[in-house]
Each structure stands twice: as C-alpha cells, then as structure tokens.
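# Examination of the molecular architecture
Residue-level listing of the chains:
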Amino acid sequence: MQKAIPYRDWLPTAGGSAAPPPENINSGEVETIGDAQSVRKLVSENAVVVFARRGCCMCHVVKLLLHGHGVNPSIFDVDDQNETDVKKELAGIIAEGASGNSAVPQFPAVFVGGELFGGLEDIMGAHISGELVPRLREAGALWL
C-alpha cells in the first residue's frame, strides 16, 4: 500500500513557510526501474514479475487477475525514458531462455519463475485452460 501524504504538513504555518514534503512518499510495491541492468536481477529474484506501462488497461487487467488468485507480483512501471533500455534487456533475457528467440517484448510482460510467461493473452489463456495456477505454484507464488 502507498502511504498517504499528511495534508497538514504541507499547509503554511503562521510564519508563512510550509513544512518540506516527506522524503519517501511512495513505499508501495510499484516501482520504477532505474537502469536496465536491474531488470535481469528483478526477474531472477522474484517468483512473479509484471513489467507494465502506467495507465495501460491491459496491464491493469493482468495485475487484477494475479491479485485475484492471491498472487502478490512485483510490479514495475516502465516509463518513456527507460522503455528502450528495458525492452533491450528483456529481449536479452528472452533470447537466453528460448534458444535464440529474438522476440521484442510487449507490455505487459509477465515473468513467472524467471521465464517469460507472456502478455495478457497468454495469462488469460492459461487461466481459462487451468494451467495458470499450477504454474504459479511451481514458481512459489502460491502456497495453497
């Protein structure tokens, strides 16, 4: 969850000066990727990772579906400044795991157990066919 910004701390005091904003406002699970090198580390260290664009309706649906299953994925928002670097790094990860496949990743990109699971269509197809839950259990994202 995200912390609420205390409203009263931002109001000017009698002296006319306002208190400075809090240092760390966003302490939730949604993060913005700082550099492309951290992408590989994130994929390898988390059971489920969703790379998403802020405001994308398909990304939102993937997040809701995973949360509905009880999975708490690591969600990383990709912005315009680092999109090309992140796509290059994701393409490198995909090429290593898929014997030279040079596919360019699209968002949302969902990684389960360190491997690319796919986008919205792949997640929904696996959900409908009943393959999603066993795959999430294998990756350690579900315990029941």
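Whatever comes next refers back to the structure up there.
In short, a report on the structure. What you are looking at is a predicted structure, and each value in this text was computed from that prediction instead of being measured. (Residues numbered from 1 in each chain as written. Predicted model: local features only at pLDDT ≥ 70, side-chain atom pairs only at ≥ 80, totals over all residues. Heavy atoms only, no water.)

This next bit is on the packing of aromatic side chains. Inspection of every chain in the model, using the stated rule, returns two aromatic pairs. On the basis of an interplanar angle of 85 degrees and a centroid distance of 5.8 Å, the ring pair of Phe51 and Phe111 is categorised as edge-to-face. Taken together, the residues Phe51 in strand S2 (residues 48-53) and Phe111 in strand S4 (residues 109-112) connect sequence positions 60 residues apart. Neither Phe51 nor Phe111 differs from the other in exposure class; each is buried. (Phe/Tyr/Trp six-rings, centres within 6.5 Å; stacked < 30°, edge-to-face > 60°. Helix = DSSP H or I, 4+ residues; strand = E, 2+ residues; numbered from the N terminus. Buried < 20%, exposed > 50% of the residue type's maximum accessible area, 1.4 Å probe, protein only.)

Looking now at the nonpolar core. Core analysis: the largest hydrophobic core is formed by 32 residues, its most contacted members being Val48, Phe51, Leu90, Phe111 and Leu136. Among the elements that line this core, the one with the most residues is S2, at five residues. Residues within four places of Leu136 in sequence aside, it is in contact with Val48, Leu66, Val71, Val112, Ala141 and Leu142. (Core = buried A, V, L, I, M, F, W, Y, C linked by side-chain atoms within 4.5 Å. Contact = heavy atoms within 4.5 Å.)

The next thing to look at is the environment of Val39. Here Val39 is to be found in helix H1 (residues 37-45). A relative accessible area of 0% means that Val39 is categorised as buried. Spatially, the C-alpha atom of Val39 lies 6.9 Å from that of Val86, the residues being 47 residues apart in sequence.

It is worth spelling out unusual backbone geometry at this point. Pro108 follows Phe107 through a cis peptide bond whose omega is 5 degrees. By the secondary structure assignment, Pro108 is in the loop between helix H3 (83-97) and S4.

Side chains Ala109 and Phe111 of S4 all project onto a buried face; the interleaved residues Val110 and Val112 project onto the opposite face, where all are buried too. Across four bridges, S2 lies against S4 in antiparallel orientation. Considered in S4, the bridge of Val48 is made with Val112. Pairing between S4 and strand S5 (residues 115-118): three bridges, direction antiparallel. (Pairing = 2+ DSSP bridges.)

All right, on to the environment of Ser38 then. Examined against the element boundaries, Ser38 turns out to sit in helix H1. Taking the C-alpha atoms as reference, Ser38 lies 9.2 Å from Val86; in sequence the two are 48 residues apart.

One pass over the structure, following the stated rule, counts six salt bridges. One salt bridge in this structure joins Arg53 and Glu83, with 2.6 Å as the shortest N-O distance. Residue Arg53 is located in strand S2, and its partner Glu83 is located in helix H3; the two are separated by 30 residues in the primary sequence. Relative accessible area serves as the criterion here: at 26%, Arg53 is assigned to the partly exposed category. Assessed through its relative accessible area of 18%, Glu83 is described here as buried. Its salt-bridge partner being Arg135, residue Glu115 comes within 3.7 Å of it at the nearest N-O pair. On the criterion of sequence distance, the pair formed by Glu115 in strand S5 and Arg135 in helix H5 (residues 132-139) is long-range, its members being 20 residues apart. (Salt bridge = Lys/Arg side-chain N within 4 Å of Asp/Glu carboxyl O.)

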